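Residues per chain, in single letters:
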Amino acid sequence: MNFNQVKKGLEGYSVPEVDRYINYLKFLESDKDKDRKPRNAWFSYFTDDAAIDIYKKVAIDNLFIDGETITIQFKGKVMVSYNYQAYKNRVLNIYPESKFDIQLVYEGDEFSFRKDSGHVVYSHKLKNPFDTERDIIGTYCIIKNERGEFLETLNMADIKKMKSVAKTTKIWDQWFSEMVLKSVIKRACKRHFMDITTNIERIDNENYDLEKAGFDETIAKKIEEATTFDELRS
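Residues numbered from 1 in each chain as written. Predicted model: local features only at pLDDT ≥ 70, side-chain atom pairs only at ≥ 80, totals over all residues. Heavy atoms only, no water.

Student: Looking at this model, I keep getting lost on the packing of aromatic side chains. Mind explaining?
Tutor: Geometry of an aromatic ring pair is reported as the spacing of the ring centres plus the angle between the planes. Per the counting criterion, the structure on display carries 14 aromatic pairs. Arranged with centres 5.7 Å apart and planes meeting at 65 degrees, the rings of Trp 42 and Phe 43 form a pair that is edge-to-face. Judged by its relative accessible area of 7%, Trp 42 is buried. Judged by relative accessible area, Phe 43 falls into the buried class, the value being 4%. Ring geometry for Phe 111 versus Tyr 140: centroids 4.4 Å apart, planes at 15 degrees, classification stacked. You can see Phe 111 sitting in strand β4 (residues 110-116) and its partner Tyr 140 sitting in strand β6 (residues 136-145), a full 29 residues away along the chain. Taken together, Tyr 13, Tyr 21, Tyr 55 and Phe 64 form an aromatic cluster joined through their ring pairs. The ring of Phe 3 carries the charged tip of Lys 26 above its face, separated from the ring centre by 5.7 Å. (Phe/Tyr/Trp six-rings, centres within 6.5 Å; stacked < 30°, edge-to-face > 60°. Buried < 20%, exposed > 50% of the residue type's maximum accessible area, 1.4 Å probe, protein only. Helix = DSSP H or I, 4+ residues; strand = E, 2+ residues; numbered from the N terminus. Lys NZ or Arg CZ within 6 Å of the ring centre and 35° of its normal.)

Structure, rendered in structure tokens:
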């Protein structure tokens, strides 16, 4: 990839944000496993135009691919993944006064809430916040701003359904608690702030078209089916 060309194609966007993006792309290109083999073999087929296009699509919401809150991954197709902080940042862009409380509820915790004349009143008593062996039994997201006060909850049945249809189960397995937090704010935004998160939902829910992302169908299939880097090179 010609990183200077990508940077040139993103002229007019925030220079610090573009620089973060370029550094993230360089990391994807150079990252290696313990055997010194590339972790992201697919990156060799990721074009300059595709890198520019995917950045611009995300930037519509004044959000930027930074390798932390918003990342790129490959699962047969190039996908953009937002974490819960990205959804939070989108709401803050429009409602900077917003207050958030996004928490996991563990077995043994006591959680209760009520709506009082439009106000969310809640209580969350943690049984033991230092017990790392406790099971998650649910999650909640509370958002308060000039639009109103909103509460969204997910139980384990909801969470399991979301994981079962995810295209990136590996990320769920590695970062389960983070994905649970993302799931609850994602649903809260879909229910209460869909007018400002439509683009995020479209990108987060749909894979990019292979042709638009700079991939040939045959190459993409080969990448997806390869079990080792040597197979990919053959």
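Student: What exactly am I supposed to notice about the sheet that holds strand β7 (residues 148-155) here?
Tutor: Working definition: the strands of a sheet are paired by backbone hydrogen bonds and lie parallel or antiparallel to each other. Ordered in space as β3-β6-β7, the three strands form an open sheet in which the pairing is antiparallel. Each edge of the open sheet carries a strand with a single partner, namely β3 (99-106) and β7. Across the sheet, the axes of successive neighbouring strands diverge by a mean angle of 10 degrees, strand direction being ignored. Sheet topology note: the β3/β6 ladder contains eight bridges and is antiparallel. Bridged to Val 105 within β6 is Gly 138. Contacting β3, β6 and β7, helix α7 (residues 176-192) runs over the sheet at an angle of about 135 degrees to β7. (Pairing = 2+ DSSP bridges. Axes fitted to C-alpha atoms, helices over the stretch in contact; angles between N-to-C directions. Contact = heavy atoms within 4.5 Å.)

Student: Any chance you could explain the pairing of strand β1 (residues 70-74) here in plain terms?
Tutor: Along a regular strand, successive side chains alternate from one face of the sheet to the other. The buried fraction of β1 is high, at five of five residues. Burial along β1 is two-sided: the face carrying Ile 70, Ile 72 and Phe 74 and the face carrying Thr 71 and Gln 73 are both buried. The pairing of β1 with strand β2 (residues 78-82) spans five bridges and is antiparallel. Bridging from a neighbouring strand, Gln 73 pairs with Met 79 of β2. What sits between β1 and β2 in their antiparallel hairpin is a turn of three residues, with Gly 76 showing a positive phi close to 80 degrees.

As far as function goes, none of this settles anything; it's purely spatial.
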